[in-house]
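Geometric and topological summary
Take a look at the letters that make up each chain.
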Amino acid sequence: MSNYQWKMSVFIGLIVLYAIYTTVLYFREYKEALPADKLAQTGKIIWQQKNCVACHQLYGLGGHLGPDLTNVYGHKGAPYIKAFLQSGTQVMPNYHLSESEMQALISFLKYTNSTGIADPNTFTQHPYGTISAQ
Amino acid sequence: MFIRVGLLFLLSALLFGLLAAIQYIVPGAGKDIFSFEKLRPLHVSSAVFWILMTAMGAVLTFLQEINQFSLKSIRIQKIQFYLFSFSFIAIIISYCFGIFGGREYWEFQPVFSIPIILGWVLFLSLFFSNNKTLKDKPVYLWMWATGVIFLLFTYCESNLWVIPGIRNRLVQDMTIQWKSYGSMVGAWNMLVYGSSIYLMDKIVGNQKYSRSNMAFGLFFLSLFNLMFNWGHHIYTLPTAQYTHIIGYAVSMTELFILGRIIYLWRQSLTFDNRKQHIHAYWFLYAADIWVFVNLGLAIAMSVPALNIYMHGTHIIVAHTMGTTIGINTMLLLACAFEIIGGRDTTVSIKPNFKFAFLTTNISLAVFFISLLLAGIAKSYWQFNEPSLPYGAMINTLRPYFYVFFAAGTCLTIGFVLLIVPLLRTKHKIMPDGISALTEK
Ligand code: HEM
């Protein structure tokens, strides 16, 4: 094979591998977490429209001004969350949310809590540098 | 034109970055007008737009140096320019009004994706109508080709959340989101690194390196990285375990690759080569050092067992800004100075430039370290003092944030001193022949 054919074969080979990996990830069954219910789906839309992720994280990903909220529902419960949503804090804006919007957001955070545990402290480390969730 | 607009986005990134940092030291300052959920996207999107606009400008200018564009290509390039400029500016305005799509990094309404995707398609067609084959071509043309293809693909992929079936499964949604982001950064790095290699060829005056087997070996390795290393963003997400293992195994060799390239190239330079491209040379040199600074951190982060200590803390912010400023911005400034400033054999380094350059790099070092320390302190809290309330923990980080803010201010001053004179330079015709039509 010529030099160019070699290069092209490697290039196309990599693209094919990538295409397979991509397809597998799109169509695998995500058994780890059930889909969100209707109210939580609305909650997610509000979460995005208000850009909560600029200050908060889910699974450690997001802005760094406020705390991670993946499991706040599990740790602190709905009334606690509602208190924050109702009045905001010194840093967090008061969004003047309606009752139904607050219910939707709480339901979304209930859903995120059900998908897994985000606290890095709960992972077990293994000798080769890998980790596993509890 | 691309590069000048790009430089304006850099100025806007600096301005909003500083405003956002004020929130760190005076909680809630000015929150009624510009609270953090507006400032962060204003800052981060401006930074991304600076990188994308300037990288496109560099690629297009260099392509025209290689083979002159037809009239049709010039027209397509104009449309591409207006599509991107108008949508990016419209996005910035929409943030000011609090209109969000709410995805990290691309926090705008998905309608803006239509002109952006159209722009990528034009870029793709422009590139391939001017490069019918990659046969016997130097490595940077391969890099640009991959960059353009993957930008289009990953950008579309990052918008898949508009499909409810994907959006409503958090774990699947976040897996695809971070898969696309990881590869997208790899794709724009292909444009930036490719342009730097082209520039280095120009400075030494031959293509020995960019046609070598080593260059291609490293190119394929970075392509492999682009495709498969994104798993390290989501080690704690309960998704398919193999994404984590692949991400870990592929790890982050890419930075090492670039550092090696610049290092080898610097050794091959003669004094004369340097003198003619002195500004570009300095920026490339700085980028080389920043590659090595970021490398250690990046490798540590890609080990899951260490990653859990850093994930979600300011160590990650140190990494993101350390690489986007230290590597991407330095390389793009090398291109910008070369393209706008042109080759000028008469000037040596002016004291003003030297001062601004050193201010930028020294404050970046302080900036980086302050974020690292803040991150370490937060990590300590996550593991050892979970009972301390979040607000109380943040208060203990305040001293680091003061240093962060001060260093950020000096960094901004340094950049402004570098950019403003450049923006005021009239474009010089390049002695190498073809004047860059992107620049007027
Ligand atoms: C060339 C200049 C700059 C570039 C390219 C840049 C880029 C970025 C990027 C990519 C992020 C996202 C980080 C992440 O998600 O982990 C970010 C965040 C941030 N940047 Fe910059 N930045 C620049 C300069 C500055 C300056 C001068 C300041 C002011 C002190 C600043 C303050 C911030 C703040 C406060 C955040 C938000 C961190 C958080 O999530 O809480 N940046 N920047």
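What counts and what doesn't
- Residues numbered from 1 in each chain as written.
- Chains lettered and ligands numbered in written order.
- Predicted model: local features only at pLDDT ≥ 70, side-chain atom pairs only at ≥ 80, totals over all residues.
- Heavy atoms only, no water.
- Donors = N, O, S within 2.8 Å, 3.2 Å for Na, K, Ca; no water.
- Tetrahedral: all angles 85-135°; square planar, octahedral: opposite > 155°, others 65-115°.
- Helix = DSSP H or I, 4+ residues; strand = E, 2+ residues; numbered from the N terminus.
- Salt bridge = Lys/Arg side-chain N within 4 Å of Asp/Glu carboxyl O.
- Buried < 20%, exposed > 50% of the residue type's maximum accessible area, 1.4 Å probe, protein only.
- Domains from an automatic or database assignment.
- Contact = heavy atoms within 4.5 Å.
- Phe/Tyr/Trp six-rings, centres within 6.5 Å; stacked < 30°, edge-to-face > 60°.
- Lys NZ or Arg CZ within 6 Å of the ring centre and 35° of its normal.
- Buried area = accessible area lost by both parts, 1.4 Å probe.
- Polar contact = N/O pair within 3.5 Å; in protein donor to acceptor, adjacent residues only side chain to side chain.
- Expected span 1.5 Å × (residues − 1).

Below, the discussion takes up the coordination of the iron atom of the ligand. Residues and elements named next belong to chain B. Surrounding the iron atom of the ligand are the protein donor atoms His-43 (NE2) and Met-321 (SD), at 2.0 to 2.2 Å. Viewed at the metal, the six donor atoms of the iron atom of the ligand are separated by angles of 85 to 178 degrees, and the geometry they form is octahedral. With His-43 in helix α2 (residues 36-66) and Met-321 in helix α14 (residues 314-341), this residue pair connects regions lying 278 residues apart in the sequence.

Turning to the pattern of salt bridges, a few remarks are in order. Residue and element names in this part refer to chain A. Throughout the structure, instances matching the rule amount to seven salt bridges over all chains. Residues Lys-82 and Glu-99 are paired through a salt bridge, measuring 3.1 Å at the closest nitrogen-oxygen approach. With Lys-82 in helix α4 (residues 78-87) and Glu-99 in helix α5 (residues 99-115), the pair connects residues that are 17 residues apart, well separated along the chain. Note on Lys-82: relative accessible area 22%, which makes it partly exposed. Using a relative accessible area of 41% as the deciding quantity, one classes Glu-99 as partly exposed.

Domain annotation for chain A reports domain 1 (1-30) and domain 2 (38-132). Domain 1 of chain A and domain 2 of chain A are separated by 37 Å when their C-alpha centres are compared.

All names here are of chain B. With respect to the helices and strands, Tyr-400 occurs in helix α16 (residues 390-424). Taking C-alpha positions, Tyr-400 is 9.5 Å from Phe-367, a pair spaced 33 residues apart along the chain. Leaving out residues up to four positions away in the same chain, Tyr-400 has contacts with Ser-370, Leu-373, Ala-374 and Ala-377.

The next subject is the environment of Trp-188 of chain B. Residues and elements named next belong to chain B. You can see Trp-188 is positioned in helix α7 (residues 170-204). Along the sequence, Trp-188 and Ala-55 sit 133 residues apart, while their C-alpha atoms lie 7.5 Å from each other. With residues up to four places along the chain from it excluded, the contact list for Trp-188 reads Val-48, Ile-51, Leu-52, Leu-151 and Asn-328.

Let us now look at the packing of aromatic side chains. Overall, the coordinates contain 49 aromatic pairs over all chains when judged by the stated rule. Ring geometry for Tyr-140 of chain B versus Tyr-198 of chain B: centroids 5.2 Å apart, planes at 90 degrees, classification edge-to-face. In this pair, Tyr-140 of chain B is assigned in helix α5 (residues 139-158) and Tyr-198 of chain B in helix α7, connecting sequence segments 58 residues apart. Through pairs of rings, three or more aromatic residues link up here, namely Tyr-4 and Phe-11 of chain A together with Trp-142, Phe-216, Phe-219 and Phe-220 of chain B. The lysine or arginine in question, Lys-7 of chain A, covers the ring of Phe-216 of chain B, its NZ or CZ lying 3.6 Å from the ring centre.

Bringing the interface of chain A and chain B into the picture now. Contact with chain A, which involves 63 residues of that partner, is made by 79 residues of chain B. Carbon and sulfur atoms make up 65% of the area that chain A and chain B hide from each other, which totals about 6200 Å². Taken as a group, Tyr-18, Tyr-21 and His-64 of chain A account for 13% of the area that chain A buries against chain B, more than any other trio of residues on that side. Taken together, the links from chain A to chain B amount to one salt bridge. The partner of Lys-44 of chain A in a salt bridge is Asp-173 of chain B, with the nearest N and O atoms 2.4 Å apart. The interface formed by chain A and chain B contains 18 residue pairs in polar contact (both at pLDDT 80 or more). Going through the elements one at a time, α1 (3-27), α2 (38-49), β1 (57-58), β2 (61-62) and α5 of chain A are the ones with two or more residues in the side of chain A that touches chain B.

With that out of the way, let us pick up the side chain of Thr-154 of chain B. Within the element layout of this structure, Thr-154 of chain B appears in helix α5. Apart from the residues within four sequence positions on either side, Thr-154 of chain B is in contact with Tyr-18 of chain A together with Ser-180, Ser-183 and Met-184 of chain B.

For an α-helix the count is 3.6 residues per turn, leaving residues at separations of three or four pointing the same way. Given a rise of 1.5 Å per residue, 17 residues ought to cover 24 Å, and the 25 Å separating the end C-alpha atoms of α5 of chain A matches this to within 8%. Every buried residue of α5 of chain A is accounted for by Met-102, Ala-104, Leu-105, Ile-106, Ser-107, Phe-108, Leu-109, Tyr-111, Thr-112 and Thr-115 of chain A. The secondary structure elements touched by the buried residues of α5 of chain A are α2, β1, α3 (72-76) and α4 of chain A together with α7 of chain B. Downstream of α5 of chain A by one or two residues, Gly-116 of chain A has phi in the positive range, about 160 degrees.

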